[in-house]
Amino acid sequence: MAATRPTVIALTALAPVSWGTTYAVTTEFLPPDRPLFTALARALPAGLLLLALSRVLPRGAWWVKAAVLGALNIGAFFPLLFLSAYRMPGGMAAVVGSLGPLLVVGLSTLLLGQRPTVRSVLTGAVAAFGVSLVVLEAAGTLDALGVLAAVAATASMSAGAVLTQRWGRPDGVGPLALTSWQLTAGGLLLAPLALLVEGAPPALDGPAVGGYLYLALANTALAYWLWFRGIGRLSATQVTFLGPLSPLTAAVIGWAVLGEALGPVQLVGMALAFGATLAGQRAPRGRSVATTEPFSFASKNGRKDSMDLRGPALRR
């Protein structure tokens, strides 16, 4: 039985909620100053595990497409994200990341032909403002390289989300295989970079091993499978509007577990960001949204580069 739209949204939302735990796990359990190794440890084991489970390899042009998506969603996004976190306060990195919905609106116009609506732009702006209220109280001094890295990370992930929807998947290939291709490609891209820049892997104690296992299995393998599965059933804009759940989750964990302050301003910001996230899931009036269907395959109806969305040309 096909999942209902609210169920698809709820399952997809688990991905950014899981990513919101990354900061706490990294700071509390993992060795410091190893962003590339941490990115590699998240991506490659998860990709190889999912590849073993799916037992499907790319064919034809999908070798190149999988490499491009893996580079955007994993290989470039992970190290840029960690670089921004090391170069400036996490709050500023979260604010830049919350601009993802606005970037997706613009990229969807260019790559998918979707016309931006006033509601989508306004909702994206409210989400970014809400996140800024939550995390910017102790922003500190801006670092130019950190800001550039955060912007590049957000743009990379946004482009990956839009291209994932534009290209669909090859006939007979499920979201598990598509996720495994991207994680493996991104991990293979990171492996030589981590070795050249950071050298041999660090010595790991028990908590570090547990932290890396959590990041690889729940935080990456499961979360990214849910994320790409959601992109197949929702619009890229709808999925990206779930992104603010990540910094909101990080703020709640910081308050509940790490003893960080969470005052009235932060609570107002959380309400605004969460409200914008919910508003971003509303289907446009006058259009049917076939959110319970899986990816339509890019090869249907002679369309080699786009998705057949069975009904309106575009969901949003």
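As the structure is a computational prediction, the values presented were derived from the model and not from experiment.

A. Looking closely at the overall build of the protein. Along its length, the protein carries 13 helices and zero strands. What you see in the protein, going N to C, is helices and strands ordered as α-α-α-α-α-α-α-α-α-α-α-α-α. Residues classed as buried in the protein amount to 52% of the 316 residues present. Summarising the internal contacts of the protein: among those between residues at least 6 apart in sequence, 89% fall at separations of at least 24. For the protein, the computed accessible surface area is about 13,900 Å², with 70% contributed by carbon and sulfur atoms.

B. Structural detail: the confidence of the model for the protein. Taken as a whole, the protein shows an average pLDDT of 77; of its residues, 76% reach a score of 70 or greater. Looking over the protein, one finds the lowest element-wise mean pLDDT in helix H5 (residues 90-97), namely 59, and the highest in helix H9 (residues 175-198), namely 94. Long-range and interchain partners of residues 284-316, a stretch whose pLDDT sits below 50, account for 84 contacts in this model, where long-range means more than four residues apart.

C. Inspection of the pattern of salt bridges at higher detail. Scanning all chains against the criterion turns up one salt bridge. Notably, a salt bridge pairs Arg-34 with Glu-198, separated by 3.3 Å at the nearest N-O pair. A residue pair is termed long-range when its members are at least 10 positions apart, and Arg-34 in the loop between helix H2 (22-29) and helix H3 (35-54) and Glu-198 in helix H9 qualify at 164 residues. Across the pair, Glu-198 and Arg-34 agree in class, each one buried.

D. Representation of helix H8 (residues 144-167). For H8, with 24 residues, the first-to-last C-alpha span of 34 Å sits near the 34 Å given by 1.5 Å per residue. Downstream of H8 by one or two residues, Gly-168 has phi in the positive range, about 60°.

E. Structural context of the packing of aromatic side chains. Under the counting rule described, the total for this entry stands at seven aromatic pairs. For the pair Phe-37 and Tyr-212, a centre-to-centre distance of 5.4 Å together with 85° between the ring planes defines the contact as edge-to-face. Residue Phe-37 is found in helix H3, and its partner Tyr-212 is found in helix H10 (residues 206-233); the two are separated by 175 residues along the sequence. Residue classification places Tyr-212 among the buried positions, given a relative accessible area of 7%. Pairing Tyr-224 with Phe-228 gives two aromatic rings, centres 5.8 Å apart and planes at 40°, and the pair type is tilted. Pair noted here: Tyr-224 and Phe-228 are both in helix H10, with a separation of four residues, about one helical turn. When sorted by exposure, Tyr-224 lands in the same class as Phe-228, which is buried. Pairwise contacts between aromatic rings join Trp-19, Phe-77, Phe-78, Tyr-224, Trp-227 and Phe-228 into one cluster.

Conventions we followed
- Residues numbered from 1 in each chain as written.
- Predicted model: local features only at pLDDT ≥ 70, side-chain atom pairs only at ≥ 80, totals over all residues.
- Heavy atoms only, no water.
- Helix = DSSP H or I, 4+ residues; strand = E, 2+ residues; numbered from the N terminus.
- Buried < 20%, exposed > 50% of the residue type's maximum accessible area, 1.4 Å probe, protein only.
- Contact = heavy atoms within 4.5 Å.
- Areas by Shrake-Rupley, 256 points an atom, 1.4 Å probe, with all protein chains shown as cover.
- pLDDT = per-residue confidence, 0-100.
- Salt bridge = Lys/Arg side-chain N within 4 Å of Asp/Glu carboxyl O.
- Expected span 1.5 Å × (residues − 1).
- Phe/Tyr/Trp six-rings, centres within 6.5 Å; stacked < 30°, edge-to-face > 60°.

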